[in-house]
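Survey of secondary and tertiary structure
As a plain string of letters, each chain reads:
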Amino acid sequence: MEYILTAESLSKQYGDFKALDGFSIHVPKGSVYGFVGKNGAGKTTLIRLVCGLQAPTSGSYTLYGSKNTEPGIAKCRRRMGAVVETPSIYLDMSAEDNLKEQYRVIGLPSFDDIPELLRLVGLGHTGKKKAKHFSLGMKQRLGIAIALAGSPDFLILDEPVNGLDPQGIIEMRELILKLNREKQITFLISSHILDELSRLATHYGFIDNGHMIREISAKELDAACRKCIRVQVSDIRALTRVLDEMGIEYNIFSDTMADIFAKINISKLTLALAEQECDIISLTEREESLESFYVNLIGGGNRNE
Amino acid sequence: MNRLLSADFAKLKKNRFFWICMTGMAVFGIFMKLMDYISMREYMDRSSSLHSMLLVYSLVIGFLTAAFVSLFVGTEYSDGTLRNKLIIGHTRVSIYLSNLITCSAAGLMMCLAYLIPALAVGIPLCRTDDTDFRMLVLMVLYSFFMSLAFTSLYTLAGMICQNKALTAVVTILGVCFLFVASMYVSAKLNEPETSIEISPFAEDGTVTAPRQIPNPGYVRGTQRRVYEFLNDLLPTGQSVTLTRGDTKAATPLLPVYSAGITVAASGIGMFVFRKRDIK
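Residues numbered from 1 in each chain as written. Chains lettered and ligands numbered in written order. Predicted model: local features only at pLDDT ≥ 70, side-chain atom pairs only at ≥ 80, totals over all residues. Heavy atoms only, no water.

Moving on: the pattern of salt bridges. Residues and elements named next belong to chain A. As enumerated under the stated definition, the model contains 18 salt bridges over all chains in all. A salt bridge links E85 to R48, with the shortest nitrogen-to-oxygen separation between them at 3.0 Å. On the criterion of sequence distance, the pair formed by E85 in the loop between β6 (80-83) and α3 (95-106) and R48 in helix α1 (residues 43-50) is long-range, its members being 37 residues apart. Classification of R48 by relative accessible area gives buried; the value is 12%. We note a salt bridge from K132 to D92, for which the minimum N-O separation is 2.9 Å. (Salt bridge = Lys/Arg side-chain N within 4 Å of Asp/Glu carboxyl O. Helix = DSSP H or I, 4+ residues; strand = E, 2+ residues; numbered from the N terminus. Buried < 20%, exposed > 50% of the residue type's maximum accessible area, 1.4 Å probe, protein only.)

Below, the discussion takes up the side chain of T241 of chain B. Residues and elements named next belong to chain B. You can see T241 is positioned in helix α9 (residues 235-244). With relative accessibility at 2%, the residue T241 sits in the buried group. In contact with T241, not counting residues within four places along its chain, are N231, D246, A249 and A250. (Contact = heavy atoms within 4.5 Å.)

This next bit is on the sheet that holds strand β7 (residues 154-158) of chain A. Residue and element names in this part refer to chain A. With respect to topology, six strands assemble into an open sheet ordered β6-β7-β8-β3-β9-β10, the strand pairing being mixed. Among the strands making up the open sheet, the edge pair consists of β6 and β10 (211-217). For this sheet, the mean angle separating the axes of adjacent strands, direction not counted, is 15°. As paired elements, strand β9 (residues 203-208) and β10 share six bridges and run antiparallel to each other. Residue pairing in the sheet places I207 in a bridge with M212 of β10. In the packing of helix α5 (residues 136-148) onto the sheet, the strands contacted are β6 and β7, and the crossing angle to β6 comes to about 160°. Sheet strands touched by helix α11 (residues 290-298): β3 (32-36), β9 and β10. Its angle to β9, the strand with the most contacts, is close to 40°. (Pairing = 2+ DSSP bridges. Axes fitted to C-alpha atoms, helices over the stretch in contact; angles between N-to-C directions.)

Residue-level contacts link 27 residues of chain B with 32 residues of chain A. Taken together, the links from chain B to chain A amount to two salt bridges. The partner of D97 of chain A in a salt bridge is K14 of chain B, and the shortest N-O contact between them spans 3.3 Å. Remark: the boundary between chain B and chain A carries 16 residue pairs in polar contact (both at pLDDT 80 or more). (Polar contact = N/O pair within 3.5 Å; in protein donor to acceptor, adjacent residues only side chain to side chain.)

We now examine helix α2 (residues 16-44) of chain B. All names here are of chain B. In this model α2 runs 41 Å from its N-terminal to its C-terminal C-alpha over 29 residues, within 8% of the 42 Å that 1.5 Å per residue would give. Among the residues of α2, those classed as buried are F18, C21, M22, M25, G29, M32, K33, D36 and M40. Contacts from the buried residues of α2 go to α1 (2-13), α3 (57-78) and α5 (92-125). Capping the start of α2 is the job of one residue whose side-chain oxygen sits 3.0 Å from the backbone nitrogen of F17: N15. A positive phi of about 55° marks D45, the residue just after α2. (Expected span 1.5 Å × (residues − 1).)

Residue and element names in this part refer to chain B. Its 23 residues give helix α10 (residues 253-275) an end-to-end C-alpha distance of 33 Å, which sits within 8% of 33 Å, the value for a rise of 1.5 Å per residue. The complete set of buried residues in α10 reads L254, P255, Y257, S258, I261, T262, A265, S266, G269, M270 and F273. Where α10 is buried, its residues contact α3, α4 (81-87), α5, α6 (133-160), α8 (221-233) and α9.

We now examine the packing of aromatic side chains. Here the structure, examined in full by the defined rule, presents 14 aromatic pairs over all chains. Plain terms: the ring middles of F23 of chain A and F35 of chain A are 5.9 Å apart, the flat faces sit at 65° to each other, and that makes the pair edge-to-face. Of the two residues, F23 of chain A sits in strand β2 (residues 17-28) while F35 of chain A sits in strand β3, which places them 12 residues apart along the sequence. Summarising the aromatic geometry, the rings of F63 of chain B and F179 of chain B are spaced 4.9 Å apart at their centres and angled 15° between planes, so their arrangement reads as stacked. Of this pair, F63 of chain B sits in helix α3 while F179 of chain B is found in helix α7 (residues 164-189), placing the two residues 116 residues apart along the sequence. Three or more aromatic residues joined by ring pairs make a cluster, and in this case those are F17, F18, W19, F68 and F72 of chain B. The ring of F72 of chain B is capped by K11 of chain B, whose NZ or CZ atom sits 4.1 Å from the centre of that ring. In this structure, R92 of chain B is placed above the aromatic ring of F273 of chain B, and the distance from its NZ or CZ to the ring centre is 5.7 Å. (Phe/Tyr/Trp six-rings, centres within 6.5 Å; stacked < 30°, edge-to-face > 60°. Lys NZ or Arg CZ within 6 Å of the ring centre and 35° of its normal.)

Listed below in structure tokens is the structure:
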């Protein structure tokens with residue numbers, strides 16, 4: 001698999017506080033990588049390092065295959081854009097002037113495609129209105145437009161839906177999906193709004209206390225979060241025999257408990273188990289969400305406390 | 001670097017505060033020359049000299065650039081736009097230099113915004129027979145170097161302090177403090193070596209002739225050399241010297257010190273800014 005961004009043993013320390021500690025990440029090309037973690041877990045710190053705003057204390061990362069210590073990293077950064085925390089826009093300028101300023105910073109010779117870029121993010125109508133008079137959603141979209149100047153193929157968005165109203169969240173989601181599908185832009189999106197992230201991400205990375213706890217693809221997560229019936233029985237062998245006979249997919253994870261991945265006739269199962277002298281102790285329907293997966297993964301937030 | 005300069009100068013062109021400063025300096029220049037002309041006509045019954053009041057901008061430019069540079073550079077932090085430059089791979093040195101060059105150019109333009117209208121009003125109204133043009137041009141050049149020293153110090157403060165308001169407060173308070181110190185130093189240096197003592201009545205009641213006695217306020221020896229050095233070194237000291245039109249104190253050492261301050265401040269600024277964690 002081709003990766004846009006990788007990091008190994010990356011650490012960042014502020015005084016005595018370790019914001020990132022032996023951190024690793026692998027962002028595949030073309031993915032929408034959901035970067036999940038609670039406040040203070042180290043999401044923004046990683047983004048600041050990757051954007052060159054801060055230097056790692058130890059360890060390294062690679063961007064498009066270039067290590068952060070190599071001189072070529074500056075060239076690689078021209079292929080990326082980012083919105084870190086708040087949108088980086090001149091509040092005293094209009095949307096168009098903000099983009100012109102960024103075009104000059106990048107060194108783009110023509111401003112011809114600015115109207116198209118503004119239309120793409122839904123700001124084509126703003127005219128001479130200054131950015132300080134924009135709504136939060138408009139500022140967020142202008143921040144994305146600036147990040148998109150220079151046609152990057154990797155975009156980092158730090159909490160892009162924070163503070164947006166429901167309509168703004170929908171528009172932001174549609175914009176991200178559109179850019180990912182139509183322009184094949186790879187996204188790294190940090191968020192703790194898991195429900196929203198689950199609608200976008202093709203890959204996930206879970207961070208806690210500066211460590212990457214787990215990286216998983218959306219497909220793997222779907223499999224892990226499949227709707228199932230969790231059954232607790234007195235004899236797990238009897239259960240496996242019955243389920244095998246019925247041709248039902250299942251997963252055993254303890255001496256007494258298993259997950260059954262099918263719609264089953266409870267009466268039939270109960271009778272079949274009774275014939276094997278096996279009692280059903282409990283039976284619950286389960287559907288794990290990204291949220292419950294995350295909570296299980298990091299132990300409800302008190303893992304290292 | 002060229003790309004950053006192009007962006008920064010475009011930003012400068014759109015900066016409202018910059019144009020307010022430019023307009024203010026132009027109006028100030030015209031006002032000072034006209035007032036000088038009117039007062040000379042009224043009280044001395046003759047025209048004022050061309051060089052009179054021509055370098056008063058030296059006193060103002062330190063305060064004006066303190067406010068301007070703090071706001072111009074501070075906006076990069078407060079609006080977060082500094083990140084846009086770093087994210088796409090511009091080096092910190094080129095970002096620093098671009099800001100320094102833009103702010104220095106703005107400072108020089110503010111000086112010119114005073115000088116050009118003041119000369120435009122002064123040349124037809126003032127007499128030029130007592131003006132040493134060579135010295136005048138030199139002092140204008142010294143003031144430009146002094147302006148560069150001011151902007152380099154403010155750029156240093158603006159680039160290493162991520163809080164725009166704090167930068168503005170620190171630079172303006174700093175320049176106020178240095179101005180007071182420089183005026184004190186200048187006053188001490190300009191004390192006469194002797195003073196005239198006039199005793200109206202002698203012991204026997206007769207009037208005595210005035211006599212010269214040593215001035216106790218006159219600074220001598222090492223202290224005088226230190227004061228002279230501070231007066232020449234500090235941009236605020238230079239601005240007091242230039243504003244007073246003190247041709248004796250305006251030596252070629254002034255631009256040398258200003259250049260030294262500019263190089264040292266920029267070197268320190270770039271070194272610190274390179275190591276700085278940006279939020």
